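Take a look at the letters that make up each chain.
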Amino acid sequence: MRCLVLGGSRFVGRHIVEALLARGDQVTVFHRGQSVLPPWAGRVERRLGDRRVDLQALAHGTWDVVVDTCGYIPSEVRASARCLKGRVGHYLYISSVSAYADATQPNDETAALGQLEDEHTEVVDGRTYGPLKALCEQALLREWGPEHCTLIRPGLVVGPHDPTQRFTWWPARVSRAQPLEPIPVPGTPDDPVQFIDARDLATFAVHLMARAQAGVFNAVTPAGDITFGALLEACAEAAGVRPTWVWASPEQLAHAEVRPWVDMPVWLPPEGEYAAFMRVSGARAAAAGLRIRPMVQTVADTLAWWQGLPPDQQAFTLAGLRPEREAQLLAGLLKPTAAA
Ligand SMILES: NC(=O)c1ccc[n+]([C@@H]2O[C@H](COP(=O)([O-])OP(=O)(O)OC[C@H]3O[C@@H](n4cnc5c(N)ncnc54)[C@H](OP(=O)(O)O)[C@@H]3O)[C@@H](O)[C@H]2O)c1
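So, here's what we can say about the structure. (Residues numbered from 1 in each chain as written. Predicted model: local features only at pLDDT ≥ 70, side-chain atom pairs only at ≥ 80, totals over all residues. Heavy atoms only, no water.)

Things to note about the packing of aromatic side chains
This is how it is decided: Stacked, tilted and edge-to-face are the three classes applied to pairs of Phe, Tyr and Trp rings, where Trp contributes its six-membered ring and a pair requires centres within 6.5 Å; stacked means planes under 30 degrees apart, edge-to-face means over 60, and tilted covers the rest. Per-residue accessibility, obtained with a 1.4 Å probe over protein chains only, is compared with the maximum for each type, and a residue is labelled buried under 20%, exposed over 50%, and partly exposed between these values. By definition, any uninterrupted DSSP run of H or I lasting at least four residues is a helix, any uninterrupted run of E lasting at least two residues is a strand, and each is numbered from the N terminus. The criterion is that NZ of a Lys, or CZ of an Arg, lies within 6 Å of the ring centre and within 35 degrees of the ring normal, and then a charge sits over that ring.
Taken as a whole and judged by the stated rule, the model has 10 aromatic pairs. Between Trp169 and Trp170 the ring centres are 6.3 Å apart and the planes differ by 75°, which places this aromatic pair in the edge-to-face class. You can call Trp169 buried: its relative accessible area is 4%. Residue classification places Trp170 among the buried positions, given a relative accessible area of 1%. An angle of 90° between the planes, with centres 5.8 Å apart, marks the rings of Phe204 and Phe217 as edge-to-face. Residue Phe204 is found in helix H5 (residues 198-211), and its partner Phe217 is found in strand S11 (residues 215-219); the two are separated by 13 residues along the sequence. For the residue pair Phe204 and Phe217, the accessibility class agrees, reading buried in each case. Put simply, the rings of Trp169, Trp170, Phe228, Trp306 and Phe316 touch in pairs and so form one group of aromatic residues. When the ring centre of Tyr72 is taken as origin, the NZ or CZ atom of Lys133, which lies over that ring, is 4.7 Å away.

Okay, structure coming up:
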């Protein structure tokens, strides 16, 4: 295949490029040049540009398929769809499960999508990100028609090169534990966790691209398969350590002003607005060929990648609890037990 990758230098797109190169496909990468290209740079054609400013760099050329990994606002997806129409056979857009309107119920691909009062906003934040992804999908479908488009809606994407630090926090934190060290952890061992290894997402995307298979697919681990307890055990196994988990209820976390998802990454309270965010149906993607690697492999590879980073890049500035806040939380959690 001759493939154009919008994005491609950082995380999801990087793994897609690697999956394409492993198959012997011809790859063109389009990005701004703010991120450094990985070691395979010499094996791809590179076009530089900011898609929000102009697409001049893409004004010539033909490809079998384009994969769009960095579309966040409808106008930029509409512009790339228009620019490439007639010169590319198929368009695969990386959307998100955040596109669904309601995360209190488990969503499949037929669920209602989020809406915005101001559809023209270009502010991408926690409130607008999901509905904007839904609007990007719709903009693309209007330009190209559903038969020429694939929409993949990944859940939390994890694994090596993840810039968000969310999932990486747990293998890294557990690997630093002393034997039997108490570590505060959120919720209960049975709370559901769902994600997608970026490499499994990439393999699935390439599988669909190679078949020009149109449709909408949630890309997630099977709903109900993974619990928070199992994730922590996988972290302990990967690091070869045996800490003591000290479970903090949603009320205890709220009392200590410890935020789900950010301070306690990957975890969301089982009640409330995001109750079923981690229980999305991945059945359609599984039937279409999505294969999920064992969780312990995802955890071990993420840990190995993080351990290989230069020390200044190992610091958790975006997710996780600073040691002093973790100690405060732990002191509060252990107090009642000690008094009992
Ligand atoms: N991370 C998750 O948990 C998650 C979950 C669900 C869905 N997703 C979706 O997955 C996709 C990929 O996420 P990611 O974190 O890998 O991507 P990302 O960091 O947002 O984008 C990275 C790539 O896009 C390029 N890029 C960014 N803005 C650009 C612009 N204006 N013009 C041209 N190139 C641009 C970057 O290179 P330069 O910086 O050099 O331009 C880089 O190659 C996104 O669409 C996201 O919505 C992510």
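Re empty space enclosed by the protein
The following threshold applies: Both cavities and pockets are sets of points on a 1 Å grid over the protein atoms alone; in a cavity a 1.4 Å probe fits but cannot get out, in a pocket the set is open with protein on both sides within 12 Å along at least five of seven lines, and lining residues sit with an atom within 4 Å of a point. Grid points are joined across faces, edges and corners, and a volume is the space filled by probe spheres set on the points. Throughout, the ten residues Ala, Val, Leu, Ile, Met, Phe, Trp, Tyr, Cys and Pro are labelled nonpolar, Asp, Glu, Lys and Arg are labelled charged, and all others, Gly among them, are labelled polar.
Taken as a whole and assessed by the stated rule, the structure comprises two cavities of 30 Å³ or more. Volume-wise, the largest cavity comes out at about 60 Å³. In terms of lining, the largest cavity is formed by Asp191, Pro192, Leu268, Pro269, Pro270, Tyr274, Ala275 and Met278. Its residues assigned to classes, the lining of the largest cavity shows seven nonpolar, no polar and one charged. Roughly 30 Å³ of volume is contained in the second largest cavity.

Quick word on the site of the ligand
Inclusion rule: The nearness test applies per residue and asks whether one of its heavy atoms lies within 4 Å of the molecule or strand. Side-chain atoms alone can form a polar contact between residues adjacent in sequence; in general such a contact is a pair of N or O atoms within 3.5 Å, and within protein one must be able to donate a hydrogen while the other accepts it. Residue-level accessible areas treat just the shown protein chains as cover; the underlying method is Shrake-Rupley with a 1.4 Å probe.
Taken together, 28 residues are adjacent to the ligand, and Ser9, Arg10, His31, Tyr72 and Tyr129 come closest. Arg10 has a polar side-chain atom sitting 2.6 Å from an oxygen atom of the ligand. Tyr129 is positioned such that a nitrogen or oxygen atom in its side chain is 2.7 Å from an oxygen atom of the ligand. Here the ligand, which alone exposes 900 Å², has 91% of that area covered by the protein. Elements supplying a minimum of two residues to the shell around the ligand: strand S2 (26-31) and helix H3 (129-144). A class-by-class count of the residues in the shell around the ligand yields 10 nonpolar, 12 polar and six charged.

Some words on the pattern of salt bridges
Oppositely charged side chains may form a pair once their charged atoms are brought near each other. The cut-off we apply is this: Here, a salt bridge means any Lys or Arg side-chain nitrogen found within 4 Å of an Asp or Glu carboxyl oxygen.
This model, assessed by the stated rule, comprises 19 salt bridges. Ionic pairing is found between Arg199 and Asp197, a salt bridge with its closest N-O pair at 2.8 Å. Its relative accessible area of 17% is what places Arg199 among the buried residues. Note that Glu233 and Arg242 form a salt bridge whose closest N and O atoms lie 3.0 Å from each other. With a relative accessible area of 34%, Glu233 lands in the partly exposed category.

As for the sheet that holds S2
The line we're drawing: Strands pair, by our definition, only if DSSP identifies at least two bridges between them. Between N-to-C directions, angles span 0 to 180 degrees; the directions come from axes that are lines fitted to C-alpha atoms, helices contributing only their stretch in contact. Contacts between residues were defined by any pair of non-hydrogen atoms, one from each residue, lying within 4.5 Å.
Strand order in this open sheet of seven strands is S3-S2-S1-S4-S5-S6-S11, and the pairing throughout is parallel. Since the sheet does not close on itself, it has two edges, and those belong to strand S3 (45-48) and S11, each with one partner. Adjacent strand axes in the sheet meet at a mean angle of 20°, parallel and antiparallel pairs treated alike. Alignment of strand S1 (residues 2-6) against strand S4 (residues 63-68), held across four bridges, turns out to be parallel. Residue Cys3 lies in a different strand from S4, and its bridge partner there is Val65. In this fold helix H2 (residues 74-84) packs onto S1, S4 and strand S5 (88-94), with an angle of close to 165° to the strand it touches most, S5. Each of S5 and strand S6 (149-154) touches H3; the most contacted strand, S5, lies at about 170° to it.

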